[in-house]
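Per-entry structural report
Each chain is listed here by its residues.
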Amino acid sequence: MTPDPTSLARLSMSLPAELFRQLDVMVEERGLPSRSQLIAELIRHALAEHEALTRPEDMLAGTVTLVYRGNRGRVRQQLAETQVEYLKEVISSQHVFLEDDQSLEVLLVQGPAIRLKELCDALRSIRGVHQLQLVTTTALLPPLHELVGEGPAKKETIA
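Every residue gets a number counted from 1 within its own chain, in the order that chain's sequence is written. Only residues with pLDDT of at least 70 get local features here, since the model is predicted, and only at 80 or more are side-chain atom pairs given and counted; chain-wide, interface and lining totals rely on the full set of residues. Each side-chain value is worked out from all heavy atoms of the structure, with water and hydrogens disregarded.

1. Things to note about the layout of surface pockets
Using the following cut-off: Only protein atoms enter the calculation, which uses a 1 Å grid: trapped sets of points that fit a 1.4 Å probe without letting it out are cavities, open sets showing protein on both sides within 12 Å along at least five of seven lines are pockets, and any residue with an atom within 4 Å of a point is a lining residue. Grid points are joined across faces, edges and corners, and a volume is the space filled by probe spheres set on the points. Helix and strand labels come from DSSP, where a helix needs a run of H or I of at least four residues and a strand needs a run of E of at least two; each type is numbered from the N terminus. Under the scheme applied here, ten amino acids are nonpolar (Ala, Val, Leu, Ile, Met, Phe, Trp, Tyr, Cys and Pro), four are charged (Asp, Glu, Lys and Arg), and all others, including Gly, are polar.
There is about 570 Å³ of room inside the largest pocket. If you list the elements that add at least two residues to the lining of the largest pocket, you get α1 (17-29) and α2 (35-54). With seven residues, α2 is the largest single contributor of residues to the lining of the largest pocket. Of the residues contributing to the lining of the largest pocket, the split by class is ten nonpolar, three polar and three charged. As a volume, the second largest pocket reaches approximately 440 Å³. Along the walls of the second largest pocket sit 18 residues, with E49, A52, L53, L134 and T136 positioned nearest its centre. If you tally residues by element for the lining of the second largest pocket, the top one is helix α4 (residues 113-124), at seven residues. The residue makeup of the lining of the second largest pocket, split by class, is eleven nonpolar, three polar and four charged.

2. What to know about the pattern of salt bridges
Heads up, the condition is: Salt bridge, as used here, is a side-chain nitrogen of Lys or Arg placed within 4 Å of a carboxyl oxygen of Asp or Glu.
In total, this model carries eight salt bridges according to the counting rule given. Notably, a salt bridge pairs R21 with E18, separated by 2.7 Å at the nearest N-O pair. Taken as a pair, R21 and E18 lie in helix α1 at a separation of three residues, close to a single helical turn. Taking the shortest distance from any N to any O, the salt bridge between R115 and E118 comes out at 3.5 Å. Linking R115 with E118, this pair stays in helix α4, spanning three residues, or about one helical turn. Put simply, E89, R115 and E118 are held in one network by salt bridges that share partners.

3. Quick word on the environment of L15
Going by this rule: Throughout, exposure labels follow a simple rule: accessible area from a 1.4 Å probe, protein chains only, divided by the maximum for the residue type, with under 20% read as buried, over 50% as exposed, and the rest as partly exposed. Residues count as neighbours in contact if any of their non-hydrogen atoms are within 4.5 Å of one another.
Along the polypeptide, L15 turns up in the segment before α1. A relative accessible area of 30% places L15 in the partly exposed class. Not counting residues up to four positions away in its chain, the partners in contact with L15 are F20 and L23.

Spatial relationships are all this shows, so hold off on functional conclusions.
See the structure below:
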């Protein structure tokens with residue numbers, strides 16, 4: 001039986017006073033209605049990260065955010081070549097130029113957790129990449145195309 005996503009459970013916890021103060025500041029600065037909403041978001045991030053580590057074959061969707069310096073040799077070419085090697089996992093990318101010959105690139109990705117980790121490791125190993133962050137979720141993109149029928153006369157339909 002699937003749990004009801006609208007049902008709530010209460011959690012009581014004790015925190016050091018300074019950590020509690022920082023939590024309240026963060027809730028206020030982000031304009032959230034309650035501590036509960038922030039704590040739930042933090043827990044969701046931690047669970048997705050845990051799932052990626054403990055269930056390497058599970059499918060995840062997410063983003064890879066990269067910051068890199070563009071004047072470093074062939075960095076853009078190496079990034080593109082790496083993305084081609086992971087063509088099944090990289091759904092799309094968005095690139096913008098930043099100040100001081102830096103670039104920001106965001107990849108929309110989906111695939112087995114182990115492949116997404118391998119992709120990040122390959123991107124991270126490229127000289128000139130300064131920052132890389134993978135953010136994942138267990139919610140997946142719906143199938144974009146579905147093959148109907150058998151054999152060479154299969155028809156492609158949009159799902």
